[in-house]
Amino acid sequence: MISGIGKISDVGFMKRFIKCKEWIIWLTQHILPNPVIQYQKPGWLEPFQVLAIDASDIVEKGAVKRLWHLHYAVGLFSLTCSQFKITGQSTGESLKNFTLAKGCLVIADRAYGTIKSMEHCLAAGGDFIIRIKNKAFNIYDADGGKLVFTDWLRTVSETAEELNVYIRNSEKKLVPLRICACKKTKAEIAAEKVRIKKMESKKQKKLSDETVFTHNYMFVITSLPAEISAVEILSCYRLRWQVELVFKRLKSLLQLGSIPTKTEEAGEAWINGKILLSLLTEKYLGDVDFSPSWNIRSQSERMEGDEAGILYNFYDDTAKYPDGNL
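Everything numeric in this text was worked out from a predicted model, so none of it was measured.

Participant: Before we go on, may I ask you to explain the pairing of strand E4 (residues 104-108) in this structure?
Facilitator: The side chains of a regular strand alternate, residue by residue, between the two faces of the sheet. In terms of residue burial, E4 counts as a mostly covered element, since five of its five residues are buried. Here E4 shows a buried face lined by Cys104, Val106 and Ala108 and a second buried face lined by Leu105 and Ile107. Looking at chain direction, strand E1 (residues 49-59) and E4 are connected through four bridges and run parallel. Residue pairing in the sheet places Ala52 in a bridge with Ile107 of E4. Note that E4 and strand E5 (residues 127-131) share four bridges and pair parallel. Within E5, the position partnered with Leu105 by the bridge is Asp127. On the question of chirality, the crossover connecting E4 to the parallel E5 by way of helix H3 (residues 115-123) is right-handed.

Participant: Looking at this model, I keep getting lost on the packing of aromatic side chains. Mind explaining?
Facilitator: Note on aromatic pairs: each is described by the distance of the centres and the angle between the planes. Considering all chains together, one arrives at four aromatic pairs under this definition. With 5.9 Å between their ring centres and 70 degrees between their planes, Tyr72 and Phe247 make a pair best called edge-to-face. Of this pair, Tyr72 sits in strand E2 (residues 67-75) while Phe247 sits in helix H8 (residues 241-253), and the two are 175 residues apart along the sequence. No difference in accessibility class separates Tyr72 from Phe247, as the two residues are buried. Three or more aromatic residues link up through ring pairs in this structure, and these residues are Phe149, Trp152 and Phe219. The side chain of Arg154 reaches across the aromatic face of Phe213, ending 4.6 Å from its centre. Above the face of the Tyr140 ring, Arg168 is positioned so that its terminal group lies 4.8 Å from the ring centre.

Participant: Can you walk me through H8 in this structure?
Facilitator: Along an α-helix, residues three or four apart share an orientation, since each turn contains 3.6 residues. An ideal rise of 1.5 Å per residue puts 18 Å on 13 residues; H8 measures up with 18 Å between its terminal C-alpha atoms. All buried positions along H8 are accounted for by Trp241, Gln242, Val243, Leu245, Val246, Phe247 and Leu250.

Participant: Where do I start with the pairing of strand E7 (residues 174-183) in this structure?
Facilitator: For E7, the tally of buried residues reaches seven of 10 residues, placing the bulk of the element in the interior. By the bridge criterion, eight bridges tie strand E6 (residues 161-168) to E7 in an arrangement that is antiparallel. Counterpart to Tyr166 in the pairing with E7 is Pro176. Where E6 folds back onto E7 in an antiparallel hairpin, the turn is made up of five residues, including Lys172, whose phi is positive at roughly 65 degrees. Here six bridges tie E7 to strand E8 (residues 217-222), and the two strands are oriented antiparallel to one another. If you follow Ala181 over to E8, its bridge partner there is Phe219.

Calculation criteria
- Residues numbered from 1 in each chain as written.
- Predicted model: local features only at pLDDT ≥ 70, side-chain atom pairs only at ≥ 80, totals over all residues.
- Heavy atoms only, no water.
- Buried < 20%, exposed > 50% of the residue type's maximum accessible area, 1.4 Å probe, protein only.
- Helix = DSSP H or I, 4+ residues; strand = E, 2+ residues; numbered from the N terminus.
- Pairing = 2+ DSSP bridges.
- Right-handed = clockwise from strand over helix to strand, strands pointing away.
- Phe/Tyr/Trp six-rings, centres within 6.5 Å; stacked < 30°, edge-to-face > 60°.
- Lys NZ or Arg CZ within 6 Å of the ring centre and 35° of its normal.
- Expected span 1.5 Å × (residues − 1).

See below:
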């Protein structure tokens, strides 16, 4: 052992480590990290606990290459883990993997744009801003008549606009929501065309003209009330990128994607151990004086009074992805 206390083989260590699995899981569930830093929220977001939610694949080493899914929710204005869940590859991305509550605002990508996910969030008293796919589900007007989404999308310019729609929940009742959209810039559309060609070449499958057309726009569905503008909602969605950066840090700094185990039980224990290390780091950072604190305060003061600017420049990394095509 590195400490010099004793000697133990890799196999011996792993056997003992597996026996600690339940204890490690208990620790991860009971650690409450202090916020690393409390960024100032725009005024309209004050009532909400804003969560960016996503999932990432983790692959074991070796011939088996067992696949795991890490479902993760990060608090956007504290930069700490709100909750996580580790599942096998059979469990897909859904908001049903998370415990939501009244006052939370979930920001998630296309994978979560399903009726079941939205229904789960609304049933818990939460709200959402979710990017959606074309024809992911039917949308209706107030009378229950079907709407053709692309017909409305053709009227949308680079200025953010919105459409009041309804979806049918599991009880076949109409639920009022809003779709917010804006057309991408010429440069963004050109870049999107290149990305689509690469994707079609890789998958050997050509997208329909209608689907290609929808890629010229940025659009999300939300349960937020009408007093929150389409500009604010689309700007807020861009903050979702922070959860992607969390996965990048976990995999690069903590080597989360590297699991040197051969059994399912050992793999689960190893992943939870890495998450525990991440949460302990968050707690340590929250307990110390985050340096330089004077710069943080001055930054907050500079941010006051310009909510649109806050949303687009809140995190430096967000500005690198202006099209919101995450």
